[in-house]
Each structure stands twice: as structure tokens, then as C-alpha cells.
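Chain residues, written in single-letter form:
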Amino acid sequence: MLQVAFIRENRDDVIKRLAKRNLDASQMIDEVITLDEERRQLQTQLDNTLAESNSLSKEIGNLFKSGKAAEANELKEKTTLLKERSKTLGEQLNTTADSLNNLLYKIPNVPHESVPNGNSDEDNEEIYTEGDIPKLHDGALPHWELAKKYDIIDFELGTKITGAGFPVYKGKGARLQRALIAYFLDKNTAAGYTEYQLPHLVNEASGFGTGQLPDKEGQMYHVGEDNLYLIPTAEVPGTNLFRDELLSQNDLPIGITGYTPCFRREAGSYGAHVRGLNRLHQFDKVEIIRVEHPDNSYKAFEGMIEHVKMILRELKLPYRILRLCGGDVTFASALTYDFEVFSTAQDRWLEISSVSNFETFQANRLKLRFKNQDGKTQLCHTLNGSSLALPRVLAGILENYQTEDGIKIPEVLIPYTGFDKI
RNA sequence: GGAGAAAUGGCAGAGUGGUCGAAUGCGGCAGUCUUGAAAACUGUUGAGGGUCACACCUCCGGGGGUUCGAAUCCCUCUUUCUCCGCCA
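Remember, predicted model here, so these are calculated numbers, not experimental data. (Residues numbered from 1 in each chain as written. Chains lettered and ligands numbered in written order. Predicted model: local features only at pLDDT ≥ 70, side-chain atom pairs only at ≥ 80, totals over all residues. Heavy atoms only, no water.)

(A) Main features of the overall build of chain A. Of regular secondary structure, chain A possesses 13 helices and 18 strands. With respect to the principal axes defined by its C-alpha atoms, chain A has extents near 100 × 45 × 40 Å. A burial count over chain A gives 50% of its 422 residues as buried. At a minimum sequence separation of 6, the contacts of chain A that also span at least 24 residues come to 73%. A total of about 20500 Å² of accessible surface is found on chain A, and carbon and sulfur atoms cover 46% of it. Charge separation in chain A, taken as the distance between the mean sites of 49 positive and 62 negative side-chain charges, equals 3 Å. (Helix = DSSP H or I, 4+ residues; strand = E, 2+ residues; numbered from the N terminus. Buried < 20%, exposed > 50% of the residue type's maximum accessible area, 1.4 Å probe, protein only. Contact = heavy atoms within 4.5 Å. Areas by Shrake-Rupley, 256 points an atom, 1.4 Å probe, with all protein chains shown as cover. Lys, Arg positive; Asp, Glu negative; His and termini not counted. Charge placed at Lys NZ, Arg CZ, Asp CG, Glu CD.)

(B) Main features of the pairing of strand β13 (residues 348–359). Where strand β12 (residues 335–343) meets β13, nine bridges bridge the pair, whose relative direction is antiparallel. Following the sheet pairing, Asp338 is matched in β13 by Ser354. Hairpin connection of β12 to β13: four residues between the antiparallel strands, including Asp347 at a positive phi of 55 degrees. Strand direction decides the pairing type here: β13 and strand β16 (residues 381–389), joined by four bridges, are antiparallel. For Glu359, the partnering residue across the bridge sits in β16 and is Thr382. (Pairing = 2+ DSSP bridges.)

(C) Just the packing of aromatic side chains, in detail. Applying the stated criterion across every chain yields a total of 10 aromatic pairs. Measuring from centroid to centroid gives 5.7 Å for Tyr183 and Phe184, while their planes differ by 50 degrees, and the two rings are tilted. Put simply, the rings of Tyr128, Tyr319 and Phe339 touch in pairs and so form one group of aromatic residues. Here the guanidinium or amino end of Lys309 rests over the ring plane of Tyr128, the centre of that ring lying 3.8 Å away. (Phe/Tyr/Trp six-rings, centres within 6.5 Å; stacked < 30°, edge-to-face > 60°. Lys NZ or Arg CZ within 6 Å of the ring centre and 35° of its normal.)

(D) Focus on the sheet that holds strand β4 (residues 194–196). Taken in spatial order, the eight strands of this open sheet run β1-β11-β12-β13-β16-β10-β9-β4, and their pairing is mixed. One side of each edge strand has no neighbouring strand; the edge strands of this open sheet are β1 (125–130) and β4. When the angles between neighbouring strand axes are averaged without regard to direction, this sheet yields 25 degrees. Here helix α12 (residues 390–400) sits on the sheet and contacts β10 (282–292), β12, β13 and β16; the angle it forms with β16, its principal contact strand, is near 35 degrees. (Axes fitted to C-alpha atoms, helices over the stretch in contact; angles between N-to-C directions.)

Structure representation (C-alpha cells):
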């Protein structure tokens, strides 16, 4: 959520920058400013009322002590009126503050200046490509056919025991999955990220902290009896680790990584685009999360991009990087780069990583702050990225590494799989 | 699941109705000393709102209540610890 003071001081700029998201926020922004003024006014009135009754109370105490009970009782009557007034003002203040907050929840982050204009994923800007697209033999198959042919992933079995979008990995498929998780975690920890094992269910406060609530409630699985949510990404427990924290400058930067399954209710549309591993209700992902000094966050962002590039280079997968346009960048993010791997047999790019800088947007909700050099409290910047999401990497490997007599395993993974061919 | 105890600043930990936003220690910051560092010493140091700046207001796990006045008393919820039960 944006900071009110920032909105107040940069009204025109905020509206202009939000327009990049094809959002005319002028009305909302003005309402924020009005509500905020109202809130401050009420706060002042309440403060003054309370100040008055505080000083009366002191006086009464003193009078009682010096034995002037009659005078004290006289003053007591006065406080009744003040009490009523402060109660009314308090209620008004709460109402106003609630409306202000509800409105703030609806305003997305202001995009970074480098974010290109555009409406949809078609307007994203390709900024980098690497790797050769392999020439496959005749009769090369998409990964869901390969999965069946080599009996490594069983989609029907998943449907039987749970439902569509919950695949069952078998034999070498399961082992390859585990190999990828271990390999990614090793790469991330070697780069300085601390490994965490995080809960797969989170409470409501965590959902609010990273912005899944209140708006995207329907996208998470909800365990009603205990009012918990299945995580859609490790970003949620991982970032909420730092909720309500006041760090010292020396604690920064913080980098953590963790493997979790991810659960998403709205897994997507229909047809070939959601076949196989392309879109799932449950999938595995290794995530990297950073908490940074604001001055350093874009440098850290570049570092994360380089890190993911290095992994894809090692896996020898052809990929490209997109800078998401204003219409496609997610609600909380100021700048997002997507990584896509080329899935040769499907002849299309598949998103495998999304790296974002949220600047202070999440930190403001989380109350994640640090003491800067001058001893002042300041909001941190938060960032995260997939490093990496498993299913589509797996799809890319299966499709790009297929040969007429089996699927080869990328060299760097062989120590993890213990076999070099499926 | 049952019984008991507890929740206070970045951390540890005092504080049982007004003089408490809160002792003390640690940590942080600044300084003295030192070639430099450490140690020692001195000073400083909670968060949020509000203000040009002050004033002022709020916050002692969350919510409610008693009282002129609550960290302190009462109710309730949550969490933690100890003991018992169950258990991978």
C-alpha cells in the first residue's frame, strides 16, 4: 500500500505514473487526500478533548490529595461531558480511518519509470535473449506426451485422487523434480541466500501483509475451520517473516530462499495453453526474497536477474527476459522482469520466473522498517523472484532435451538425479 | 484435550491505581582516551499520529469494562511456557 504522505505530497505525479497501468486514479487519489484531511482534523479534535480531560484528571487528583473533596467532585462532573465527546470523536475517527485504509488497499503500486506503456502481455518489452533453440527430431512431442510415453508424470491419477491440476510425479519424474529443487536451493545458498523451510499455510494477517488479501481472496485455498490459507507462493510466508520488524541498518541486506509447494485456485483458462504442466493448482517453486535498503534495491534487483540468468545458462535452456508493461505488472510491484523459457515442442515461451521490486509497497503494509544512519525509522524495500518455478522448467527440459532414444538430463543435474537419461 | 503461570521498548527485564512512556542491563549512535582498534569512561537512544517547529495525543499481547484517572483492577480472546494426556 502506498504511503498517504507520499500521495499527499506527490498527487499529480502519482496519478501520472498510475496512468501507465491504464488506470485513472485521480478520483481515488483525491478521495484519499480528502479522507486523510478529515482524519487529521478529527484526530486533532480528539487529541484536544483528551488533553483537556487529562489535565482535569490531574487537577482532581491534586485536589483530593489536598483534601478539597468538594471542589474535586465539581470537576468530576465536567469530565462526563468530555468523555462523551471523545467517544463520539473516536468513533468518527475510526470510521474515517477505515474508509481511508480500504481505499488505499485498492490503489496499486506506482510503476518504476522504466516500465513501458501497454495494455497486456503482448506489450511487454523483450530486453534479453540467450541460448539456442534446439532442432528437434521428427515426431518430437510436447511434454505431456513425453510424460505419458516415459511414464514419469500421471495427470489422470492426480485427477482421480484430487482433481485436475494436481499431477502425480513418478519414478524418474519424481526424482528429477527433487533434483531440480535441490539444485536450485544449492545455487541460491551459494549466492548468499539463507535457506528456510516455511509453513505452507498462513493466517489472515500474513495474507494482508503481502497483499493477497483483501482483493485476491478467491485465488487462495482457504481452510475455513482454522481460517488459514494455503500459500500461493513462498513469498507470503517468506516476506511475512519480517512483518512488524524494526531492523537496524546493519541487518540489511537480507536474502532468503525456500522451497515450497504453491497452491492456486484459479489456474487458468482452457485449451492447449493449460495442458500438461503449463498451469496447475499445485506446483513446486523455489523462491528468493530480499529485504533491502532503499538506495540499494535496484542494484539488488539486477543481481537477482543475473542470478536467474546464470542458472538458466547452466541448464542450457533457451530463454528470454521481458520487462512487464504497465498493464501487466502486478498490483504490488513497481518493476517486474519475467523469464520465459522456450518450449520447443509447443513452439511457445513459458514463464518460469518473475522477479519484482516492490519498493516500500509491501513494507508499508508489513510495517517492515529499519533505522537509518541518522537514527530515523524508514521503510525497507522488498523484492522477490522465482529461482525457479519447477513445472515449466521441467516442461522445457523434457521438450528441449528429447531425442529419439530418450530424454537427456542437463549435465548440471546429473549429480542430483543419479541418471543421465530418461 | 486437562491444570497452572505468563505476555512490558531493538533485546533482556523491573514496575500492582495519579509523581510511569516506563528503572536497570545489553545493544545502537556520538564523544573522550588510542597511531588505529579493543577495553574503560561520558553523553545519547522506544514507536506512531500531529506541528514549519513546539505543544499536544495514542501505544505496556488484541478487544471490551470499572474509575475523575489504568502497564497496574475486572471480563474476554490470542499466544507462549511448565506439568499431565495423546501422538509422527
